[in-house]
Amino acid sequence: NKMVLLTQAKIILTDSDTPPPDSAAWQTQLLPDNWNNSRPGIGGFAWYRIEFDLKPQQLMLSALYVPRISMNGAVMINGRYLVGGGNFTEPMTRQWYRPQFFSVPDTFLKIGSNVIHYRIKAYPNNKGGLSEIHFGLAELIDKMWQKRYFWQVTGVQITSALNFSLGIIAILAWFLWPKNTEYGR
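The model shown is predicted, which means the values in this text are computed figures rather than measured ones.

Comments concerning the overall build of the protein chain
At step 1: Within the protein chain, the regular secondary structure consists of two helices and 13 strands.
At step 2: Per-residue burial for the protein chain yields a buried fraction of 38% across its 185 residues.
At step 3: Excluding contacts between residues fewer than 6 apart, the proportion of contacts in the protein chain whose partners are at least 24 apart in sequence is 75%.
At step 4: Of the accessible surface of the protein chain, which amounts to about 10400 Å², a share of 59% is contributed by carbon and sulfur atoms.

Things to note about the sheet that holds strand β10 (residues 100-103)
At step 1: The antiparallel open sheet is built from four strands, whose spatial order is β1-β13-β6-β10. Looking at the sheet topology across the chains shown, the edges are occupied by β1 (3-6) and β10. Along the sheet, successive strands turn relative to each other by an average axial angle of 15°, direction set aside.

Topic: the environment of methionine 60
At step 1: Looking at the secondary structure, you find methionine 60 in the loop between β5 (44-54) and β6 (63-66).
At step 2: Spatially, the C-alpha atom of methionine 60 lies 7.4 Å from that of aspartate 106, the residues being 46 residues apart in sequence.

A short note on the pairing of strand β9 (residues 80-83)
Working note: regular strand, side chains alternate between the two faces of the sheet.
At step 1: Relative to β9, strand β8 (residues 72-77) is paired through three bridges, and the arrangement is antiparallel. Each residue of the ladder has a partner; that of valine 75, found in β9, is valine 83.
At step 2: Between the antiparallel neighbours β8 and β9 lie two residues, among them asparagine 78 with a positive phi of about 50°.

Re a nonpolar patch on the surface
At step 1: A contiguous nonpolar patch, built from Phe164, Ile168, Leu172, Leu176 and Trp177 and spanning about 560 Å² of accessible area, is present on the exposed surface.
At step 2: Since its relative accessible area comes to 58%, leucine 176 is described here as exposed.

Let's talk about unusual backbone geometry
Note on backbone geometry: most residues besides glycine have negative phi, and most peptide bonds are trans.
At step 1: For the bond from leucine 31 to proline 32, the omega torsion is 5°, close enough to zero to count as cis.
At step 2: Checked against the element boundaries, proline 32 lands in the loop between β3 (27-30) and β4 (33-34).
At step 3: One non-glycine residue with positive phi stands out, namely lysine 127, at about 55°.
At step 4: Mapped onto the fold, lysine 127 is located in the loop between β11 (112-122) and β12 (129-130).

Here's the deal with the sheet that holds β12
At step 1: Read from one edge of the open sheet, three strands run β4-β12-β7, paired in antiparallel fashion. Every interior strand has two partners, whereas the edge strands, β4 and β7 (69-70), have only one.
At step 2: Here two bridges tie β7 to β12, and the two strands are oriented antiparallel to one another. Bridged to serine 70 within β12 is glycine 129.

As for the nonpolar core
At step 1: Counting 30 residues, the largest nonpolar core has Tyr48, Ile50, Leu64, Ile77, Tyr118, Leu130 and Phe135 as its most contacted members.
At step 2: For this core, the elements supplying multiple residues, two or more each, are β1, β2 (8-13), β5, β6, β8, β11 and β13 (133-136).
At step 3: Ranked by the residues each element gives to this core, the list is headed by β5, at five residues.

Remarks on the environment of asparagine 126
At step 1: Among the structural elements, asparagine 126 can be located in the loop between β11 and β12.
At step 2: When its relative accessible area of 33% is taken as the criterion, asparagine 126 is described as partly exposed.
At step 3: Taking the C-alpha atoms as reference points, asparagine 126 and asparagine 34, separated by 92 residues in sequence, lie 9.0 Å from one another.
At step 4: Once residues within four sequence positions are removed from consideration, asparagine 126 is found in contact with Asn36, Arg68, Ser70 and Met71.

A look at the side chain of arginine 49
At step 1: Residue placement: arginine 49 occurs in strand β5.
At step 2: Within the structure, arginine 49 has its side chain in polar contact with the side chain of glutamate 51 (distance 3.1 Å).
At step 3: Not counting residues within four places of it along the chain, the set of residues in contact with arginine 49 comprises Ala9, Lys10, Asp22, Trp26, Val115, Ile116 and His117.

What counts, and where the lines are drawn
Residues numbered from 1 in each chain as written. Predicted model: local features only at pLDDT ≥ 70, side-chain atom pairs only at ≥ 80, totals over all residues. Heavy atoms only, no water. Helix = DSSP H or I, 4+ residues; strand = E, 2+ residues; numbered from the N terminus. Buried < 20%, exposed > 50% of the residue type's maximum accessible area, 1.4 Å probe, protein only. Contact = heavy atoms within 4.5 Å. Areas by Shrake-Rupley, 256 points an atom, 1.4 Å probe, with all protein chains shown as cover. Pairing = 2+ DSSP bridges. Axes fitted to C-alpha atoms, helices over the stretch in contact; angles between N-to-C directions. Patch = residues over 30% accessible without salt bridge, like charges linked within 9 Å, V, L, I, M, F, W, Y side chains within 5 Å. Salt bridge = Lys/Arg side-chain N within 4 Å of Asp/Glu carboxyl O. Core = buried A, V, L, I, M, F, W, Y, C linked by side-chain atoms within 4.5 Å. Polar contact = N/O pair within 3.5 Å; in protein donor to acceptor, adjacent residues only side chain to side chain.

No statement about biological role is implied by the geometric values presented.
Dropping the structure here:
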């Protein structure tokens, strides 16, 4: 009861700024959803609708973790924006490489039925879509998010910095020891 994994959703492709009504032509979709597989060649806007129930003892669950979205996303809970998502027009905000962590105010939640609406914009054939969503205690969710953030963002930055540094060292060696052919001549 300290975490809920959300893997059932409904989706509708629409460029509407607001979620369509419940009576719209929503289609059932399992999460994670990779558009390369579920909608090859399709790009554009979509809304995901994720319904979940909370028991009274679960109202202390206060964080969302979304391992992956592509390309940009905005989140609403029970009709209130949690995160706006930045620009959905070019130059579009690109969130595809960063796992998402959101604190959820308790005023956004209620006992019983709750609904997350997740708006995304994706490019065709670019692995657009939405991963599963983890909802739970902030301490647990934060640990999951930090681990993924390290490997997906910080680790890449460290690797890039190391590669750049090694390149500088190789260039310096080439200039300092020009007669040594192993450094570039």
